[in-house]
Amino acid sequence: MSTPDTVRFRYNQAILAAAIIAFVGALPLANAQAYLLPVLLVPLAVGVWAWRAGTDANPRELRLRALAGQRRIDWDQVVELSTDPRGRAVARLDDGQQVVLPAVRGRDLPRLVAATGQTLPAGADETPGQ
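Residue positions are given per chain, counted from 1 along the sequence in the order it is written. Local features in this predicted model are restricted to residues whose pLDDT is 70 or higher, and side-chain atom pairs enter the listing and the counts only when it is 80 or higher, whereas totals over whole chains, interfaces and linings include all residues. Each side-chain value is derived from all of the structure's non-hydrogen atoms; neither hydrogens nor water enter the calculation.

**With respect to the sheet that holds strand β3 (residues 61-66)**
Backbone-to-backbone hydrogen bonds pair the strands of a sheet. The strands run either parallel or antiparallel. Applicable threshold: Strand pairing follows a simple DSSP-based rule, namely that at least 2 bridges must link the two strands. A run of H or I in DSSP counts as a helix once it spans at least four residues, and a run of E counts as a strand once it spans at least two, with each numbered from the N terminus. Helix axes are fitted only over the stretch in contact, all axes being lines through C-alpha atoms; the angle between N-to-C directions runs from 0 to 180 degrees.
Pairing is antiparallel across the open sheet formed by four strands, whose spatial order is β1-β2-β3-β4. Each edge of the open sheet is held by one strand with a lone partner, namely β1 (7-10) and β4 (69-74). Each strand axis lies, on average, 15 degrees off the axis of its neighbour in the sheet, ignoring direction. Strand direction decides the pairing type here: β1 and strand β2 (residues 54-57), joined by four bridges, are antiparallel. When the sheet's bridge partners are listed, Phe9 is paired in β2 with Thr55.

This is the structure we're talking about:
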């Protein structure tokens, strides 16, 4: 359950619509032979992932959500927020580990930082290469 101070980042919901269309399209194939029923699991898994995956940020922590699990990271563990060559947001943690933030793009970093209650220094919200 999200609180009012939580900022949510999710993938485009067109992925969910495509998964539903793929599921409906796979129904005749799955009904043709019983051994083809597992074909329905692929669009179902994509649909659940599109509905669930993303990043939630609030002043206390980051919550990274995936298909079948989540990871909570306290802001105290985050040393740096940056982007990778593909334009995805990456958090570098105090133990040296780098974590890609699901559904967060480089251009979303100012919103992510605002969720902490902090402000960016002047000119820092310009992401290079974008």
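Text resumes after the structure shown.
**Quick look at the environment of Asp95**
Rules: Two N or O atoms form a polar contact when they lie within 3.5 Å of each other; inside protein one atom must be a possible hydrogen donor and the other a possible acceptor, and for residues adjacent in sequence the pair counts only when both atoms belong to side chains.
Within the secondary structure, Asp95 sits in the loop between β6 (88-93) and β7 (98-105). Considered as a pair, Asp95 and Gln77 are 18 residues apart in the sequence and their alpha carbons are 8.0 Å apart. At 3.1 Å, the side chain of Asp95 forms a polar contact with the backbone nitrogen of Gln97.

**Regarding the packing of helix α1 (residues 14-32) against helix α2 (residues 41-52)**
Defined as follows: When an angle is under 35 degrees it counts as roughly parallel; over 145 it counts as roughly antiparallel; between 65 and 115 it counts as roughly perpendicular; any other value is oblique. Handedness of a crossing is defined here by the sense of rotation of the near helix relative to the far one, left-handed for an anticlockwise turn of less than a right angle and right-handed for a clockwise turn. Note on contacts: a residue pair qualifies if any of its non-hydrogen atoms lie within 4.5 Å across the two residues.
At their nearest, the axes of α1 and α2 sit 8 Å apart, and the two run at 160 degrees to each other. Classified by the angle between their axes, α1 and α2 sit roughly antiparallel to one another. As α1 runs across α2, the sense of the crossing is left-handed. When α1 is examined against α2, the residues Ile15, Leu16, Ala19, Ala22 and Phe23 are found in contact with a partner set consisting of Pro43, Val46, Gly47, Trp49 and Ala50.

**Re the nonpolar core**
Test applied: Joining through side-chain atoms within 4.5 Å is the link that ties buried Ala, Val, Leu, Ile, Met, Phe, Trp, Tyr and Cys residues into a set, and such a set is a nonpolar core. In this scheme, a residue with accessible area under 20% of its type's maximum is buried, one over 50% is exposed, and one in between is partly exposed, where area comes from a 1.4 Å probe on protein chains only.
Counting residues in each nonpolar core, the largest one holds 18 residues, and the members touching the most others are Leu62, Ile73, Val78, Leu101 and Leu112. Looking at this core, the elements with two or more residues in it are β1, β3, β6, β7 and α3 (109-115). Among the elements that line this core, the one with the most residues is β7, at four residues. If sequence neighbours within four positions are ignored, Leu101 has contacts with Thr55, Leu62, Leu64, Leu81, Ala89, Ala91 and Leu112.

**Some points on the pairing of β4**
Pairing analysis gives six bridges linking β3 to β4, with the strands arranged antiparallel. In the strand pairing of β4, Arg63 is matched with Arg72.

**Topic: the environment of Leu112**
Within the element layout of this structure, Leu112 appears in helix α3. Overall, the relative accessible area of 0% leaves Leu112 in the buried class. Taking the C-alpha atoms as reference points, Leu112 and Pro59, 53 residues apart in sequence, are found 9.9 Å from one another. In this structure Leu112 touches Phe9, Ala57, Leu62, Trp75, Leu81, Leu101 and Val104, once residues within four positions along its chain are discounted.

**Considerations on the sheet that holds strand β5 (residues 78-83)**
Here we have three strands laid out as an open sheet, ordered β5-β6-β7, and antiparallel in their pairing. Each having just a single partner strand, β5 and β7 make up the two edges of the open sheet. Averaged over all pairs of adjacent strands, the angle between their axes in this sheet comes to 25 degrees, without regard to strand direction. Two strands pair when backbone bridges link them, and β6 and β7 are joined in this way by four bridges, in the antiparallel orientation. Residue Arg88 lies in a different strand from β7, and its bridge partner there is Arg105.

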